[in-house]
Amino acid sequence: MSTYLYRLSRWCFRHRRATLTAWLLISILAIGGAYASGGKTDESFTIPGTEAQRAVSVLQEKLPAASGASTQIVFAAPQGHAVTEPDYREAITRTVADVGSVPQVTAASNPFEAKLVSPDGAIALAGVTYDTAAGNVKEATTRKLEAATRTAKDAGLQVEFSGAVYPHEKAVASSEAIGTAVALVVLLVTFGSFVAGGLPLISALVGVAVSMTGIMTLAAVFEITSASTAVAAMLGLSCGIDYALFILSRHRANLQAGHDPEEAVGRAAGTAGSSVLFAGLSVIIALCGLTVVGIPFLSVMGLTAAGTVALSLIIALTLLPALIGFAGDRLTRYSRLPGLRRAKKATENSVHAPQKLAGTRWANWVVRRRVPVLVAGLLGLGLMAVPALSMDLGLPGADARSTSDTSRRAYDLTTDHFGPGYNGTLTIVAQRVDTPEKARAISTALGKVDGVAHAAPAAVVNDIALISVVPATGPGDPATTRLVHDIRDRRTELAAGTGADLLVGGVTATNIDIAAKLGDSLPVFLIVVVSLAFVLLTFAFRTILVPLKSILGFLLSTGAAFGAQVAIFQWGWFSDALGIVPTQTLCFLPVILLAIMFGLSSDYEIFVVSRIKEHYTKHGDARAAAAAGTGLSARVVTAAALIMVSIFIATMVTDDPITKAIGFSFAIGVLVDAFIVRLALVPALMAVVGERIWYHPTWYGRLVPDPDIEGDKLEEHLAHADHDNEQPAPALA
């Protein structure tokens, strides 16, 4: 593998104009495809086979008008006034009529006719139904919806929106831009050069641009959630920068060792590039593993993210060598700015005096104090994981958003004046109901169930009755989950004498079903991920103990990330300082965090352990190799981890609670895995175990090919070639 990458990178270096032109054409085609397709992501999550989804299917078949997306409009009168006052009543009635004429809107309910005015008269609720699913509602429709409420606003009413579709305010800050800015600073400090620091960023941005536009093109055909694009963007940017960082760092070391630029980039790709390829494949395999869960939106999320990482990997192995060719000797010019000058000394020391590196001093300290480091690390990470035992899975609703979001303001108004249950109304789909009397009988029975605040029939059409059930508790409350299960368990009793078949649906029931399904799939997916990790790393390092050690580290990092997630996002630690509203733990977060942390932890494991193995293969001293290999990889692993953490943690500036939870958990997982596990616990454990860490059965060595991710065979081949070239030419006879 290392030989192929050596040849590929040298070809791209020599044919840099053709390589760059090819990537520019790919970028133009991707952007054009996204623009022409008009693809759009959505916020909805569904899982086929659940009862809530069956309810949607029944409505789509027999009552299509009730199966589309919906918006709830909240009208609030000024303090001391009521919406029933003549002027306000007229303004609301006119507004509802205007909303009903908006394209894609099939119905807009008048709150005075639907009796959805709060007991104190302070607010009124109007329902809006669309003729299509949430992902197909056009942005122009939501803009016109907001414009249609101008009459009510001009009359002095406060108007807020909630539901599956509602007008959003544009974000004032881009988390990707913030993460990219921090990444650039880290790269400048690492390389001490604007040219060298900019190359990884340029190659990564090309990858993200192509992948994001490609995803938007696919969104015109497939249902892709906005969370999928957020995950893909985070991973594409962070992995793209990191992969280029590892290759470019080795390239500059090769230049320092005296190789010409083309040879230096070839050797960098054959050594560091081999590790990057294997690390990238581990991330891709882990993300593709999300398909085994059997949940469509998670499968799409995994595949889109895997495609983005694959593109970043290909760019690092092809476009980066071409860009290095264009940069020429400017890669070896260091900035004179204070704070950037140390990079030159660090590069020189990595080749000529590795014992002087700060990373080597750290690694030597860890190896000398290996037992205390192991004990302290294991205890600390164990304590961090304790809150994970209290994890409560769910889908954050409007109550988890900032008060700057209209849906949160709508939620608060509804809760204060109607009660929390009106934010999570359940829709009971009663089949084989042909008369209003039967619908009222079922509604009366539902109203007597503990935990129900109100129940009323909404419509009876085509032998289908829709009954709205308002819980006494909010959509994220465990009591609401128990109510849903109670109604389902007692459906025969509640429909007695009517012959009806009841299905419990609605957004709240859908979220409860999704959380349950994901919770059930978690143990299966954990087994799949651990098995993949063992097979992949056993093949990479041709040993048994290294994969076991890596899996233990992966579980420790993931457990710590889960614990931090629960403590902050669920328990509310530091919530005010971080701008977080405590709520349930995002139900699909454990699955995607397991997948991504497996991939990223394998990245750092490969980068650190391949350096350790490289030293051990040459010198045969396992303890010295643990210190030397960790020391040589510490600087670049530190930079890579800081870049990933900055990109992930930058999502905290967004208002979306789902993106915040994902970004925070990724950041904590990478921080713990890179600095505590891979740069502390790994060298400490390898120093304790010694050369036994590299044991593998004799039969394994015979049957399994050596992937040569350290590039030893390539260097041996090149050394022989150099030696042959130095031999004097034979004398002519």
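Predicted model only: the values in this text are computed from it and were never measured. (Residues numbered from 1 in each chain as written. Predicted model: local features only at pLDDT ≥ 70, side-chain atom pairs only at ≥ 80, totals over all residues. Heavy atoms only, no water.)

### Brief notes about the overall build of the protein chain
Phase 1 of the analysis: Secondary structure summary: the protein chain contains 26 helices and 10 strands in total.
Phase 2 of the analysis: Rg of the C-alpha trace for the protein chain: 30 Å, near the compact-globule value of 27 Å for 733 residues, within the 12% margin.
Phase 3 of the analysis: The proportion of buried residues among the 733 residues of the protein chain is 55%.
Phase 4 of the analysis: Considering only contacts within the protein chain whose residues lie at least 6 apart along the sequence, 79% involve residues at least 24 apart.
Phase 5 of the analysis: Carbon together with sulfur atoms contributes 60% to the accessible area of the protein chain, which is approximately 30,500 Å² in total. (Helix = DSSP H or I, 4+ residues; strand = E, 2+ residues; numbered from the N terminus. Rg over C-alpha atoms; globule rule 2.2 N^0.38 Å. Buried < 20%, exposed > 50% of the residue type's maximum accessible area, 1.4 Å probe, protein only. Contact = heavy atoms within 4.5 Å. Areas by Shrake-Rupley, 256 points an atom, 1.4 Å probe, with all protein chains shown as cover.)

### What to know about the pattern of salt bridges
Phase 1 of the analysis: Scanning the entire structure with this criterion turns up 23 salt bridges.
Phase 2 of the analysis: Note that Arg10 is salt-bridged to Glu262, the shortest N-O span being 3.1 Å. Taken together, the positions of Arg10 in helix H1 (residues 2–14) and Glu262 in helix H10 (residues 261–288) put the pair 252 residues apart, joining distant regions of the chain.
Phase 3 of the analysis: For Arg408, the salt bridge identified is with Asp412, shortest N-O distance 3.0 Å. (Salt bridge = Lys/Arg side-chain N within 4 Å of Asp/Glu carboxyl O.)

### Some remarks on unusual backbone geometry
Phase 1 of the analysis: Its identity as a non-glycine residue notwithstanding, Gln104 has a phi of 75°, on the positive side.
Phase 2 of the analysis: Secondary-structure assignment places Gln104 in the loop between helix H4 (86–100) and strand E2 (105–108).
Phase 3 of the analysis: The exposure class assigned to Gln104 is buried, which follows from its relative accessible area of 18%.

### Topic: the sheet that holds strand E4 (residues 158–163)
Phase 1 of the analysis: Sheet architecture is open: four strands sit in the order E2-E3-E1-E4, paired in antiparallel fashion. In this open sheet, the two edge strands, each paired with only one partner strand, are E2 and E4. In this sheet, adjacent strand axes meet at a mean angle of 25° when their direction is disregarded. (Pairing = 2+ DSSP bridges. Axes fitted to C-alpha atoms, helices over the stretch in contact; angles between N-to-C directions.)

### Focus on the packing of aromatic side chains
Phase 1 of the analysis: Scanning the model with the defined rule gives nine aromatic pairs in all.
Phase 2 of the analysis: Relative to Trp365, the ring of Trp362 has its centre 5.6 Å away and its plane inclined at 20°; by these criteria the two rings are stacked. Residue Trp362 and its partner Trp365 are both found in helix H13 (residues 358–368); the two are separated by three residues, about one turn of the helix.
Phase 3 of the analysis: Of the residues examined, Trp362 reaches a relative accessible area of 37% and is grouped as partly exposed.
Phase 4 of the analysis: Overall, Trp365 belongs to the partly exposed group, its relative accessible area being 35%.
Phase 5 of the analysis: Taken together, a centroid distance of 5.9 Å and an interplanar angle of 20° make the contact between Tyr616 and Trp694 stacked. Taken as a pair, Tyr616 in helix H22 (residues 589–619) and Trp694 in the loop between helix H24 (657–689) and helix H25 (698–703) lie far apart in primary sequence, 78 residues in all. For the residue pair Tyr616 and Trp694, the accessibility class agrees, reading buried in each case. (Phe/Tyr/Trp six-rings, centres within 6.5 Å; stacked < 30°, edge-to-face > 60°.)

### As for the sheet that holds strand E6 (residues 426–431)
Phase 1 of the analysis: The strand order across the open sheet formed by four strands is E7-E8-E6-E9, and the pairing between neighbours is antiparallel. Here the strands that pair on one side only, and so sit at the sheet edges, are strand E7 (452–461) and strand E9 (501–505). The mean angle between the axes of side-by-side strands here comes to 20°, regardless of whether they run parallel or antiparallel.
Phase 2 of the analysis: Pairing of E7 with strand E8 (residues 464–471), which is carried by eight bridges, proceeds in the antiparallel orientation. Note that in E8 the partner of Pro457 across the bridge is Ile467.

### Here we look at the environment of Val609
Phase 1 of the analysis: Structurally, Val609 is set in helix H22.
Phase 2 of the analysis: Accessibility expressed as a relative area gives 0% for Val609, which makes it buried.
Phase 3 of the analysis: In the structure, Val609 is positioned 115 residues away from Leu494 in sequence and 62 Å away in space, judged by C-alpha atoms.
Phase 4 of the analysis: Setting aside residues no more than four positions away along its own chain, Val609 makes contact with Phe541, Val546, Lys549, Val682, Met686 and Trp694.

### Regarding the packing of helix H19 (residues 507–541) against helix H20 (residues 545–570)
Phase 1 of the analysis: In the contact formed by H19 and H20, the axes pass within 8 Å of each other and the chain directions differ by 140°. Classed by the angle they form, the pair H19 and H20 counts as oblique. As for how H19 packs across H20, the hand of that crossing is right-handed. Every residue of H20 that contacts H19 at Leu526, Val529, Val530, Ala533, Phe534, Leu537, Thr538 and Phe541 is listed here: Val546, Pro547, Leu548, Ser550, Ile551, Phe554 and Leu555.
Phase 2 of the analysis: Here the contact of H19 with H20 is composed, by residue class, of 13 nonpolar, two polar and no charged. (Parallel < 35°, antiparallel > 145°, perpendicular 65-115°, else oblique. Left-handed = near helix turned anticlockwise from the far one by under 90°. Nonpolar A, V, L, I, M, F, W, Y, C, P; charged D, E, K, R; others polar.)

### Description of H10
Phase 1 of the analysis: The largest bend in H10 amounts to roughly 45° and is located at Gly273.
Phase 2 of the analysis: By the criterion of burial, H10 is predominantly enclosed, with 24 of the 28 residues buried. (Bend = angle between axes of the 7 residues up to and from the residue.)

### Let's talk about the nonpolar core
Phase 1 of the analysis: Counting 149 residues, the largest nonpolar core has Leu298, Phe588, Ile592, Phe648 and Ile662 as the members making the most contacts within it.
Phase 2 of the analysis: The greatest single-element share of this core, amounting to 18 residues, is contributed by H24.
Phase 3 of the analysis: Filtering out sequence-adjacent residues up to four positions away, Leu298 remains in contact with Leu290, Val293, Leu518, Phe588, Val591 and Ile592.
Phase 4 of the analysis: Counting residues in each nonpolar core, the second largest holds 27 residues, with Val99, Ala124, Ala126 and Phe161 among its members. (Core = buried A, V, L, I, M, F, W, Y, C linked by side-chain atoms within 4.5 Å.)

### Structural notes on the environment of Arg7
Phase 1 of the analysis: Along the polypeptide, Arg7 turns up in helix H1.
Phase 2 of the analysis: Along the primary structure Arg7 and Val375 are separated by 368 residues, whereas in three dimensions their C-alpha atoms are 45 Å apart.

### Topic: the confidence of the model for the protein chain
Phase 1 of the analysis: Per-residue confidence for the protein chain averages 84 on the pLDDT scale, and 90% of its residues sit at or above 70.
Phase 2 of the analysis: Segment residues 726–733 is flagged for pLDDT under 50; beyond a separation of four residues in sequence, or across chains, it makes zero contacts in the model. (pLDDT = per-residue confidence, 0-100.)

### Looking at the side chain of Thr142
Phase 1 of the analysis: Its location among the elements puts Thr142 in helix H5 (residues 139–148).
Phase 2 of the analysis: Sequence-distant contacts of Thr142, defined by excluding residues within four places in its chain, comprise Val137, Val165, Tyr166 and Pro167.

### As for the state of the cysteines
Phase 1 of the analysis: By the definition in use, this model includes zero disulfides.
Phase 2 of the analysis: Cysteine Cys288 shares no disulfide, and the gap to the nearest cysteine sulfur, in Cys239, comes to 13 Å.
Phase 3 of the analysis: Classification of Cys288 by relative accessible area gives partly exposed; the value is 30%. (Disulfide = S-S within 2.5 Å.)

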